[in-house]
Amino acid sequence: VELDPRRGGFRSIYDKARGHEFVGAPDRTLLFRLMAPTEDVPGEHLDATGAKIDVSDGTATITYDLGEASVEATLRLEDASIETSLRVENTGSMNIEEILFPCLRGLAPVKDSSLIWPELSCRKIDQLFAGDDVPSTSAGLGGDHHTWNECTQKRTRSEERRGGKE
């Protein structure tokens, strides 16, 4: 595991047993996003920036002072897993409504992979990075996604082209 020194996000997650790198866009790191919508800006948010990273005995403690919030993330290697925790203290006037953590932006293609999530219209997506030309109705997300938001936008566009059903 390699962390971005400025944002604290994952620059590399390499699986030694499979010989596979999971981060395909190391320049787009982001460990968390605090969603704090306002009446004027519904998408207002605070991103992880200004990381102070301390690593000891397989555990990284990352602290942030974002002005409106004080944040501490802990990432610990446990066998083949990365255990994560996040503590957020709202020190300002923003109303933090949602926290996205941990974030992994720029997921690299994983051969023969599936994504399973709690959604009623399409719970499993086979061939995650396949294009729209794959005949399966649960074919991938198109292979050109860099963030979770782009993923959902792509699915919506694909559904529109297919007549609204997924």
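The notes below deal with the structure included here. Note that this is a predicted model, so its numbers are computed, not measured.

Let's talk about the sheet that holds strand S11 (residues 98-100)
Here we have 3 strands laid out as an open sheet, ordered S6-S5-S11, and antiparallel in their pairing. Each edge of the open sheet carries a strand with a single partner, namely strand S6 (45-47) and S11. On average, each strand axis in the sheet is tilted by 15° relative to the strand beside it, whichever way the strands run. In this structure, strand S5 (residues 33-35) lies alongside S11, joined through 3 bridges in antiparallel fashion. Note on S11: the bridge partner recorded for Arg33 is Leu100.

Some words on the environment of Leu86
Mapped onto the elements, Leu86 comes out in strand S10 (residues 81-90). Assessed through its relative accessible area of 25%, Leu86 is described here as partly exposed. Here the alpha-carbon distance between Leu86 and Ile62, two residues 24 residues apart in the chain, equals 9.5 Å.

Some points on the sheet that holds strand S7 (residues 52-56)
Spatially, S7-S8-S9-S10 is the arrangement adopted by the 4 strands of the open sheet, whose pairing is antiparallel. Strand pairing shows two members of the sheet lacking a second neighbour, S7 and S10, which therefore form its edges. In this sheet, adjacent strand axes meet at a mean angle of 15° when their direction is disregarded. Here strand S9 (residues 69-78) runs beside S10; their pairing, made up of 10 bridges, is antiparallel. By the bridge assignment, Leu75 is partnered in S10 with Thr84.

Quick look at the environment of Ser56
Structurally, Ser56 is set in strand S7. Ser56 sits in the partly exposed class, given a relative accessible area of 40%. Ser56 sits 20 residues away from Arg76 along the chain, and the two C-alpha atoms are 9.6 Å apart.

Here we look at the pattern of salt bridges
Per the counting criterion, the structure on display carries 6 salt bridges. Arg11 is the salt-bridge partner of Glu2, the closest N and O atoms lying 3.5 Å from each other. Take Arg11: its relative accessible area is 27%, and that puts it in the partly exposed class. The salt bridge involving Arg18 is made with Asp15; its shortest N-O contact spans 3.7 Å. What makes Arg18 exposed here is its relative accessible area of 65%. Bridged by salt links that share partners, the residues Glu2, Asp4 and Arg11 form one connected network.

Calculation rules
- Residues numbered from 1 in each chain as written.
- Predicted model: local features only at pLDDT ≥ 70, side-chain atom pairs only at ≥ 80, totals over all residues.
- Heavy atoms only, no water.
- Pairing = 2+ DSSP bridges.
- Helix = DSSP H or I, 4+ residues; strand = E, 2+ residues; numbered from the N terminus.
- Axes fitted to C-alpha atoms, helices over the stretch in contact; angles between N-to-C directions.
- Buried < 20%, exposed > 50% of the residue type's maximum accessible area, 1.4 Å probe, protein only.
- Salt bridge = Lys/Arg side-chain N within 4 Å of Asp/Glu carboxyl O.

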